[in-house]
Amino acid sequence: MLKKLLIVVVEPDPDRAQSIAEGLRGAGDHDIRIIAEQTALARRVAELRPDVVLIDIADPSRDILEELALASGPSERPVAMFVDRSDEQLTRSAIEAGISAYVVDGLRPDRLKPVIDAAIARFHMLQQLRAELAATRAALEDRKIVDRAKAVLMKARGIGEDEAYALLRKTAMDQGKRIGEIAQQLVTAAGLLGR
Amino acid sequence: MITLRLGYIPLIDAAPLIVAHELGFAAEEGLQLQLVRLGAWAQSRDLLGAGLIDAAHMLVPLPVGQALGLGPALPVLDLVMFLSHGGQAVAVSRAIEDQLRAVGHDFDFADARRAGLALRRVVAGRLRVGVPFMFSTQLELIHHWLSACGFTPSDLDIRTVPPPMMAGALAAAEIDAFCVGEPWASFAVEHGIAALLLPGTAIWSAPPEKGLVLRHDFVEDRPEQSGALMRAIWRASRWLDEPDHCGTAAEIISRKDYLDLPSELAERGLTGRLTILSDGETRDVPGFLAFNGGAASFPWKSVAALFAASIARQHGRAEAPAMQAAMARFRTDLYRQHLRPAGAALPGASLRVEGAIAEDRTVPAERGQMILRADGFFDGFTFEPPAGPASTN
């Protein structure tokens, strides 16, 4: 029987880390460890001697792992090598999903591929969640700023709420901009004018 | 309008890309730039290799490491111009600052030998130094400077620390010193964590820091777009070199979409007027950061060879083939082709003895004359590049 793969997930956000670990468990019986702390990251990873390290492609700590990928001398077991020595398509898919993987030299592709595929699927899901969250936040921000802009208009022009909103919407349409942008400009201008 | 996606790391030397976009230099060339803020140098390299960005603001030694086969197997990357020289500072912890004062060091922020020897006197064990990436001008500067001041390889522990984490690592005593690009050295001083010991230019007067890097197939298949991008950025860098523009530049690059830091912090590096100690003491460093003047943007093949030789030694590779491989990736031919029409001064040769110019010097150019920036090392080191197939153009 094959030895379990030791997979290290470097991820400071506990929810994301759990979600990634869960995705990986679906890909086989692996030993999964999560590192959330950036302090002494290189040493922690080196001590664990993982077969695979997974990390968000935009995580600044990646540059620390890059060093590990090269630090292994001829006498040492290579800590990690880049995944893409073997499979260019897999690398590309991983990069597009926003994931980077460091893989121990000599790990068989048939053992690696299911792990990377599962990680890619999970990162795609997380990417989508993140985009939805950002959209919700932006909508909420827009609503707040539109409320403030309405108040400015109501006070300055002595009009009602519905009329103020209609004015904002018409201006936005005329200028081909989002209503939130127009509202932001109005609130900024009102602030400058001390109103 | 052609849209190009440009990756950058939030540092003040990303200014040529940001200014090319914000002040319309790109639009004049028919380009719409989408600037993509990135978190790691490895991310920049990977996105560029995978074609998710078209060009990147990158550490000059990074494509050299890639050319030496020391990175992932990605498509070939070419460096077409330098974006900046200098902009780095060496910082030490407050504890080392006190020790240096105790042996009479006066923090002149200029004399690299005196600073290095003082450091040699006060450091007992290994000196742990943070650098932003293992292929970086910062690492090369630290290596060169401390080796010349009596530190042996076993006296040094050089570690990668991402720039935004540099101050934190120093505060947590994970490192004793660091060399980093602005604004992160000033940031550490501002938070009372570090004292600045030297500017990078005190070690090497013109250390090439960032370059514009594209995929080889992109520059070959899309010469018009590559040329337009190079000219837009070259004009932006010429605009940035005007001292009167520092304030505006600092304000633009500090915006929330870009560096998202107080513009006063960015202005320090752009003007070369740095606060070096937490008591507010400042030093003026002429030429601390240069973008364009003195042929700063010309991507000398001899610089490729110098970095390649050093990286090859550090990683146990043969130097001669490493130098040839790296020189082939510094595209002086494209620089000449695309920037000649913009009026850039072009040197007669594409490689030179590095470190040989003690003071700014006027030399013959392709047409007329041009001024070359002083590029001396503090210890008089010079580097003679090899001849060979990759050294022409």
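Just so we're clear, the structure is a prediction, and the values are computed from it rather than from any experiment. (Residues numbered from 1 in each chain as written. Chains lettered and ligands numbered in written order. Predicted model: local features only at pLDDT ≥ 70, side-chain atom pairs only at ≥ 80, totals over all residues. Heavy atoms only, no water.)

A look at the overall build of chain B
Each helix and strand counted, chain B has 16 helices and 15 strands in total. For chain B, the spread of C-alpha atoms along the principal axes amounts to about 60 × 45 × 40 Å. Looking at chain B as a whole, 63% of its 393 residues are labelled buried. Taking all contacts inside chain B whose residues are at least 6 apart in sequence as the whole, residues at least 24 apart take part in 76%. When the accessible surface of chain B is split by element, carbon and sulfur atoms take 49% of a total near 13,300 Å². Charge-centre separation for chain B: the mean point of 34 positive side chains lies 3 Å from the mean point of 44 negative side chains. (Helix = DSSP H or I, 4+ residues; strand = E, 2+ residues; numbered from the N terminus. Buried < 20%, exposed > 50% of the residue type's maximum accessible area, 1.4 Å probe, protein only. Contact = heavy atoms within 4.5 Å. Areas by Shrake-Rupley, 256 points an atom, 1.4 Å probe, with all protein chains shown as cover. Lys, Arg positive; Asp, Glu negative; His and termini not counted. Charge placed at Lys NZ, Arg CZ, Asp CG, Glu CD.)

Re the sheet that holds strand β10 (residues 208–215) of chain B
All names here are of chain B. Strands sit in the order β2-β1-β3-β10-β4-β13 across an open sheet of six strands; the sheet is mixed. Edge positions in the sheet fall to β2 (31–37) and β13 (289–290), since each has one partner strand and no second. Here strand β1 (residues 2–8) runs beside β2; their pairing, made up of seven bridges, is parallel. Bridging across to β2, Leu6 finds its partner in Leu35. (Pairing = 2+ DSSP bridges.)

As for the UniProt feature "modified residue: 4-aspartylphosphate" (unreviewed entry) in chain A
Residues and elements named next belong to chain A. On the UniProt side, "modified residue: 4-aspartylphosphate" (unreviewed entry) is annotated at positions that read Asp56 here. Along the chain, Asp56 turns up in strand β3 (residues 52–56). Among the polar contacts listed, one links the side chain of Asp56 to the backbone nitrogen of Ala58, at a separation of 2.9 Å. (UniProt positions renumbered as here; feature names shortened; annotations may be inferred. Polar contact = N/O pair within 3.5 Å; in protein donor to acceptor, adjacent residues only side chain to side chain.)

Overview of the side chain of Asp176 of chain B
Residue and element names in this part refer to chain B. Here Asp176 lies in the loop between α8 (166–171) and β8 (177–181). Asp176 gets classed as buried once you look at its relative accessible area, which sits at 16%. Separated by 2.8 Å, the side chains of Asp176 and Arg128 make a polar contact. Look past the residues within four positions of Asp176 in its chain and what remains in contact with it is Val92, Ser93, Ile96, Arg126, Leu127, Arg128 and Leu170.

Quick word on unusual backbone geometry
Look at the link from Glu182 of chain B to Pro183 of chain B: it is a cis peptide, with omega at 15 degrees. Within the secondary structure, Pro183 of chain B is located in the loop between β8 and α9 (184–190). The residue Arg49 of chain A is not glycine, and still its phi comes out positive at about 50 degrees. Take Arg49 of chain A: it is sitting in the loop between α2 (41–48) and β3. In the Ramachandran plot, Ala173 of chain B falls in the positive-phi region, its phi being about 60 degrees despite a non-glycine side chain. Tracing the chain through its elements places Ala173 of chain B in the loop between α8 and β8.

A short note on the confidence of the model for chain B
Looking at chain B as a whole, its pLDDT mean stands at 95, while 98% of the residues score no less than 70. Scored as a whole, the predicted complex attains pTM 0.88, and scored at its interfaces, ipTM 0.87. (pLDDT = per-residue confidence, 0-100.)

A few points about the side chain of His57 of chain B
Residues and elements named next belong to chain B. Checked against the element boundaries, His57 lands in strand β3 (residues 55–59). Residue His57 is classed as buried on the basis of its relative accessible area, which comes to 0%. At 3.3 Å, the side chain of His57 and the backbone nitrogen of Ile9 are in polar contact. Excluding residues that lie within four positions of it along the chain, His57 makes contacts with Gly7, Tyr8, Ile9, Leu11, Asp13, Ala14, Leu17, Trp41, Ser44, Leu83, Lys210 and Gly211.

A look at the packing of aromatic side chains
Under the definition given, this model contains nine aromatic pairs over all chains. Relative to Phe187 of chain B, the ring of Trp184 of chain B has its centre 5.1 Å away and its plane inclined at 65 degrees; by these criteria the two rings are edge-to-face. Here Trp184 of chain B and its partner Phe187 of chain B are both found in helix α9, three residues apart, which amounts to about one turn of the helix. Judged by its relative accessible area of 10%, Trp184 of chain B falls in the buried class. Taken together, the ring pairs in this structure connect Trp204, Phe307, Phe377 and Phe381 of chain B into an aromatic cluster. Cation over ring: Arg16 of chain A sits above Phe123 of chain A, and NZ or CZ is 5.8 Å from the ring centre. The residue whose ring lies beneath Arg120 of chain B is Phe151 of chain B, and the NZ or CZ to ring-centre distance is 4.2 Å. (Phe/Tyr/Trp six-rings, centres within 6.5 Å; stacked < 30°, edge-to-face > 60°. Lys NZ or Arg CZ within 6 Å of the ring centre and 35° of its normal.)

What about the nonpolar core?
Counting 157 residues, the largest nonpolar core has Leu119, Trp145, Leu212 and Leu229 of chain B as its most contacted members. Those residues in contact with Trp145 of chain B that sit more than four places away from it in its chain are Val90, Ala112, Ala115, Gly116, Leu119, Leu197, Leu198, Ile203 and Phe378 of chain B. Judged by nonpolar contacts, the second largest core, of 25 residues, contains Leu5, Ile32, Ala118 and Ile120 of chain A. (Core = buried A, V, L, I, M, F, W, Y, C linked by side-chain atoms within 4.5 Å.)

Thoughts on the domain arrangement of chain A
Domain boundaries in chain A define domain 1 (6–132) and domain 2 (135–192). Distance from the C-alpha centre of domain 1 of chain A to the C-alpha centre of domain 2 of chain A: 45 Å. (Domains from an automatic or database assignment.)

A short note on the interface of chain A and chain B
Counting residues at the interface gives 20 residues for chain A and 28 residues for chain B. Taking both partners together, chain A and chain B bury about 2,000 Å²; carbon and sulfur atoms supply 61% of that area. Contact with chain B buries area across many residues of chain A, yet Asp63, Leu70 and Ile95 of chain A alone supply 29% of it, more than any other trio. Counting the contacts that link chain A with chain B gives two salt bridges. (Buried area = accessible area lost by both parts, 1.4 Å probe. Salt bridge = Lys/Arg side-chain N within 4 Å of Asp/Glu carboxyl O.)

Some thoughts on the state of the cysteines
Throughout the structure, instances matching the rule amount to zero disulfides over all chains. Not part of a disulfide, Cys149 of chain B finds its nearest cysteine sulfur in Cys179 of chain B, a span of 14 Å. (Disulfide = S-S within 2.5 Å.)

Describing the environment of Ala308 of chain B
Residues and elements named next belong to chain B. Looking at where Ala308 falls in the secondary structure, it is placed in helix α14 (residues 301–314). Taking relative accessible area as the criterion, Ala308 reaches 0% and is therefore assigned buried. Ala308 sits 19 residues away from Met327 along the chain, and the two C-alpha atoms are 8.5 Å apart. For Ala308, the residues in contact, after removing those within four places along its chain, are Val64, Leu68, Ala322, Met323 and Ala326.

A word on the pairing of strand β5 (residues 88–93) of chain B
All names here are of chain B. The buried count for β5 comes to six of six residues, which makes it a mostly enclosed element. Two elements, β5 and β8, share five bridges in a ladder whose sense is antiparallel. When the sheet's bridge partners are listed, Ala89 is paired in β8 with Val180. Direction of pairing for β5 relative to strand β9 (residues 194–199): antiparallel, over a ladder of five bridges. If you follow Val92 over to β9, its bridge partner there is Ala195.

Digging into the sheet that holds strand β6 (residues 127–131) of chain B
Strands pair in a sheet through their backbones, by hydrogen bonds, and they do so in one of two ways: parallel or antiparallel. Residue and element names in this part refer to chain B. The sheet built from five strands is open, its strands ordered β7-β6-β8-β5-β9 with mixed pairing. Among the strands making up the open sheet, the edge pair consists of β7 (156–160) and β9. Sheet twist, expressed as the average angle between the axes of neighbouring strands with direction ignored, equals 25 degrees. Sheet topology note: the β6/β8 ladder contains two bridges and is parallel. Counted as the bridge partner of Val129 is Ala177 from β8. Along the sheet, helix α6 (residues 112–122) makes contact with β5, β6 and β9, crossing β9 at roughly 135 degrees. On the sheet, helix α7 (residues 137–148) packs against β5, β6, β7, β8 and β9 and is oriented at approximately 150 degrees with respect to β6. (Axes fitted to C-alpha atoms, helices over the stretch in contact; angles between N-to-C directions.)

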